[in-house]
Structures are given as C-alpha cells and as structure tokens.
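For reference, the chains in residue letters:
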Amino acid sequence: MTDSNLIYHGSEWDFNTLGRVYDAVESIAIGELGLDVYPNQIEVITSEQMLDAYASVGMPMMYSHWSFGKHFAREELLYRKGATALAYELVINSNPCVSYVMEENTVTMQTLVIAHAAFGHNHFFKNNHLFRQWTRADRVLDDLAYAKQFVAKCEESHGLHAVESVLDAAHALMGCGISRYAPKRSARASDGEAKAEARRSHAEATYNDLYRTLPARPSTASPDAGRVEADHNALRLPQENVLMFLAEHAPKLMEWQRELLRIVHRSAQYFYPQRQTKMMNEGCATFVHYQIMNRLYDTHQIDDGSMLEFLHSHSSVVRQLNFDDRRYSGLNPYAIGFAMMQDIQRICEQPDKEDRDWFPEIAGNGDAMGTLKQAWAEYRDESFVLQFLSPRLIRQMHLFTVGDRGDSSFMSVDAIHDESGYRDIRRCLASQYDSSKNDPDIEVTEADLSGSRRLVLTHRVRGRRVLAKDECNRVLCHVANLWGYRVRLVETDAETGATLNEYDVVAIP
C-alpha cells in the first residue's frame, strides 16, 4: 500500500481532512453505488450538545420542555459514569439533510459517520415511500425553528406553567396524534374555483322545477337525534387523530393552545414513518457504510489501522446479544437489518437451490444494488421481513417462535426450522414490526358540542389487550382538561363488539 493514495493519516482531523473524506465517500456513494440523496449539511458538535440533542428526542432544534431537561440530566449522569455511550451521529430527515458529528470522533469514525448518515440514511429518507408520503423534507427545518420560536413566545406571554401544562397533555397524547392515512395534497385555489364552477353548471343543466312541488316526507327522527347526527357529520366522526380533533374542536381552548397541539401533532407525524422503518433504515445505512469503508480500503485510501478501527466499531454496532444476556432488550435493528441486506446481496449474486425456490424473482439476477434500492423505496419493516427473510438467515440467527398462553402453565415451541416453520417465523416476526397491530386503536366517536359537551372515545380491543387502568385514567385526565368537559372512554372487543371497560373523567376546573 502506498501512502500517496491515503486520504488521511493517524486519528486527528481538521476541516481540510474532513473535506477530503467527504469527497472520497461521495465519489463511491454516488459514482459507484448510485445513491440518490438530498444535498448534505455536516455540523460538528460537542458531546454535551449531542447529549442535549439526545434528550430532545434526537432533534437538536426542538422547543424547550421540562421533560427534555430531566432526560438530559439522566443521560449525562449515565454518560459520565461510563454506564452508557453516545451515538456517533444524529441525522435529520430534511432538505438539505443535516448530519451532526461529534468533534471527539477520530477521523476514521467521522468517515464512518458520513458514509452512514450523510449517504445511507439520506438515501433512505429521500426514496422510501413512507417518508415521501408523510413528511415534507423541505419544511422540517422551518417547522422546527417555528415551533421553538412559538413556544418561547407563548412562555413569555402566558407563563411557563400554562405552556407546560398544555405540552404535558399533548405529549401524553402523541400516540393518538397521528393521521395513519397518507395526507391529501392541498389543492390550489384555482382548482377549487374550477370544481365549484363545474358543480354549478351541472346543477343548472339538470335542474327540474317539478321536484320543488313534491310534498315533503314527514320526519320520524327526534329533534335531538337530528342534531346529534348533524354534529357527527360536521365533525366527520369517527376521527382517529384525537390530538388534532382537540386542536380543531375543543370548546374552551385559546388559539395559542390549539397551535401548541398542532406543533406536537407535526412532531408525532414526523416520527411516524421512522417507527415503521427503524430496522430497514438502520440496515440500509449500515450496509452503505460497510460497502463504502471496504471500498476505501480496497482502493488504498485508508490504511490497515483505520480498517481495524472501523471493523471494531462496526462489529459492536451489529452485535446481537443472546436472549439470556443481562443487556438483552430484543432484536438489534442494526443486526437484523444489516444481515438481511447482506443476505439479499448473496441471493442476487450467489444463490443456492433453496434461494431459487423461495425467491425466484431476484435469485441470481446479478443486480444486488438495484434490488436493494427497490426494496428500500417500496417496503416498510413489516412487509420487508415478510418478503425477504430467508430460511438460511432464520437458521443463522437461531430464530424460532415460542407460544406463551394465559391458559397454560407451560411455554411451547410453535415453529421450528422446517418448511411451514420458516413461514410461521416470518409472519410472527413481521407482526412485531406492524404498528397497526401494536398501537391501541382509539377514535373519537361522539362529541356533543351544543348539549352536554361530552366527548366519547372508543378503543377497539384486539387480542383482549386492554389499556392499563392507572395510565388510562391519567391520560384521560389530560384529554378532559384539553376538552374542558366530561370525557368517556369505552373499550369494546374488536370482533364481538362487547363492552369490556368504561372510564369516565371530568375536567379539573
């Protein structure tokens, strides 16, 4: 290996070195791997700033709230005691894509981080259909800046306690502040006028004065029933987004309080696609940095020492702990994501008979990057596992399903490594990534705006998994305080419709 090709020496770095590293990584990511990314913005921050970003749900530009300070104190104590380590990077899904790197990183670690975040995550953000549908990358930074400024202004005008009480309630309802259907693109004003003109022309063309002379049918519904139905139609009930319903229709909220709820709703909406693609997103970024770092080494742009340092960090990231390890907390998304990406590459380039039987569309097609880029664009974690988890990887990762039923004192192994077992394991693992099955299905089903002002929420219970009583009552108190009147929550069985539990909470005056 000749030193003339090396883009850096040793572990120290300056901004000129960082520029050379970025150019080398970009050349491979764009020129050889064919990634499609937003323009990059790299920002160097200290470990304390990284801790602060950690505490603010990973958003360095987040508005202030007491819970972020509490989280910061805990993370800082753990970090100072050596009980936890910091992430090497943070990245925001925005256009331009903002990647934060720590100034304490060595130059090899900065190279890894740029490859991982600025090109791996960046490509996934720009191309995955969930991010394209649910987030507006060109507005994210403006929304964050606006939220921070608006919350600070409200604290000055209305007091810290008043603002935090609204944010506390809104944060408690973030899980119910998501619109799970892709938002409609707002129509231009000229389109609306054209539609109105078309409707008016159609009404004039089909008008018949004879219908005006027909006697009206006597109404059998009570006046109250008619009023309730009119309210439901006006409010478009049922509504799944409880937070936005309160922001639009809560009778007693001031306009600044409604705007705070909308801000929290936008934050919840920003994280919605990330929750559904955590494993794929990390697997994509890890696969990309692994390819780029190996390519840098193969072309003699980094030396043996840098490669060994990279491999040490990489193997730590993709390590999967055993189930009986004290630190075990489930499947590592980096480990299974990276393993699946490598497995797809193997199936495309070096398939065996089993691969050809299970994946006839991609086995041996010789276009691993094309197949992966298509998967990164069109799938989420649940569908990705269901489509691409191979029997070989199931065997390598020792995956099987265990049944734990309430009516039995024993656990049973329900699926092993055979033809039907592989399919059961895929379905079982995929369901763990399906947020629609794991999040409680709660909707606003009734709202009386002109009578008792009572609000009714309905939770359709799946698999008899009811809400925890204490937490349910605490969250309902927040709902009642925002609504201003009595709130009722009914839990019904999703299959039979039978009522399982009822909660009733009044607002604190």
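Quick notes on the rules
The residue count restarts for each chain, going from 1 along the sequence in the order it is written. Per-residue local features are limited, in this predicted model, to residues with pLDDT of at least 70; the limit for side-chain atom pairs, both in listing and counting, is 80 or more; totals at the level of whole chains, interfaces and linings are taken over all residues. Just so you know, side-chain values use all the structure's heavy atoms and leave hydrogens and water out. Counting from the N terminus, the helices are DSSP H or I runs at least four residues long and the strands are E runs at least two residues long. Multiplying 1.5 Å by the helix residue count minus one yields the expected span of that helix. Contacts are residue-level and defined by heavy atoms, with any inter-residue pair within 4.5 Å sufficient. Throughout, the edges of the domains are those of an automatic or database domain assignment. Two parts placed together each lose some accessible area; with a 1.4 Å probe, that loss summed over both constitutes the buried area. In these notes, a set of buried Ala, Val, Leu, Ile, Met, Phe, Trp, Tyr and Cys residues joined through side-chain atoms within 4.5 Å is what counts as a nonpolar core. Type-normalised accessible area, obtained with a 1.4 Å probe on protein chains alone, sets the label of each residue: buried when under 20%, exposed when over 50%, and partly exposed for intermediate values. Every axis in this analysis is a line fitted to C-alpha atoms, fitted for helices over the stretch in contact. Angles between the N-to-C directions lie between 0 and 180 degrees. In what follows, roughly perpendicular refers to angles from 65 to 115 degrees, roughly parallel to angles under 35, roughly antiparallel to angles over 145, and oblique to any angle outside these ranges. Each crossing is labelled by how the near helix is turned from the far one, with a counterclockwise turn of less than a right angle marking it left-handed and a clockwise turn marking it right-handed. Residue polarity follows a fixed list, in which Ala, Val, Leu, Ile, Met, Phe, Trp, Tyr, Cys and Pro are nonpolar, Asp, Glu, Lys and Arg are charged, and the others, Gly among them, are polar. UniProt positions are given in the numbering used here, feature names are shortened, and annotations may be inferred rather than shown by experiment. In this scheme, strands are said to pair when DSSP sees at least two bridges between them.

Taking an unreviewed UniProt entry as the reference, the chain is identified by name as SpoVR family protein belonging to Rubripirellula tenax.

S.K.: Explain helix α6 (residues 140–158) to me, and be specific about the residues and the numbers.
M.R.: Taking 1.5 Å of rise per residue, the 19 residues of α6 would be expected to cover 27 Å, and the 26 Å separating its terminal C-alpha atoms lies within 8% of that figure. Looking at the buried positions of α6, the neighbouring elements they touch are β2 (89–92), α7 (160–172) and α11 (255–276). Looking one or two residues beyond α6, the residue adopting positive phi is G159, at roughly 95°.

S.K.: A description of the domain arrangement of the chain should follow, citing residues and the corresponding values.
M.R.: The domain boundaries assigned to the chain delineate domain 1 (1–180 + 230–318), domain 2 (331–437) and domain 3 (440–506). Between the C-alpha centres of domain 1 and domain 3 the distance comes to 34 Å. With 21 residues of domain 1 in contact, the opposing surface of domain 3 contributes 19 residues. Each partner contributes to the roughly 1800 Å² buried at the junction of domain 1 and domain 3, and carbon and sulfur atoms together form 74% of this total.

S.K.: So, the nonpolar core: which residues are in play, and what are the values?
M.R.: Nonpolar side chains in soluble globular proteins tend to end up buried together. Of all hydrophobic cores here, the largest spans 73 residues; its most connected members are L35, F119, I292, M340, W376 and F384. In terms of residue count, the dominant contributor to this core is helix α4 (residues 107–127) (11 residues). Taken domain by domain, this core gets at least three of its residues from each of domain 1 (1–180 + 230–318) and domain 2 (331–437). With residues near it in sequence (within four places) discarded, F384 still touches M279, M280, M340, M341, I344, A375, Y379 and L389. Listed in part, the 57 residues of the second largest apolar core include A169, W256, L261 and A480.

S.K.: Could you give an account of the packing of helix α14 (residues 333–349) against helix α16 (residues 368–378), naming the residues involved and the relevant values?
M.R.: Where α14 contacts α16, the two axes come as close as 9 Å, and the packing angle between them is 135°. Taken together, α14 and α16 sit at an angle that is classed as oblique. Judged by the sense of rotation from one axis to the other, the crossing of α14 with α16 is right-handed. Across the interface between the two elements, M341, I344, Q345, C348 and E349 from α14 touch A368, T371, L372 and W376 from α16. Split by residue class, the contact of α14 with α16 holds 6 nonpolar, 2 polar and 1 charged.

S.K.: Describe the UniProt feature "domain: SpoVR-like C-terminal" (unreviewed entry) in the chain, with residues and values.
M.R.: Residues given the UniProt feature "domain: SpoVR-like C-terminal" (unreviewed entry) here are residues 440–493. Between the C-alpha atoms that bound residues 440–493 the distance is 12 Å, and the span itself is 28% helix and 39% strand.

S.K.: Kindly report on unusual backbone geometry, identifying the contributing residues and their values.
M.R.: A cis amide bond links N95 with the next residue in sequence, P96, at an omega value of 5°. Relative to the assigned elements, P96 resides in the loop between β2 and β3 (97–102). Positive phi values are uncommon outside glycine, yet H300 reaches one of about 60°. Among the secondary structure elements, H300 is positioned in the loop between α12 (278–298) and α13 (304–317). Of the residues examined, H300 reaches a relative accessible area of 34% and is grouped as partly exposed. Of note in this structure, H398 is not a glycine but carries a positive phi near 55°.

S.K.: Can you explain the sheet that holds β2? Please cite residues and give values.
M.R.: An order of β1-β3-β2 is seen for the 3 strands of this open sheet, with the pairing classed as mixed. Only two strands of the sheet have a single neighbouring strand rather than two, namely β1 (40–45) and β2. Looking at each pair of strands side by side, their axes are set apart by 20° on average, direction ignored. For β2 and β3, the ladder comprises 4 bridges, and the chain directions are antiparallel. Following the sheet pairing, L90 is matched in β3 by Y100.

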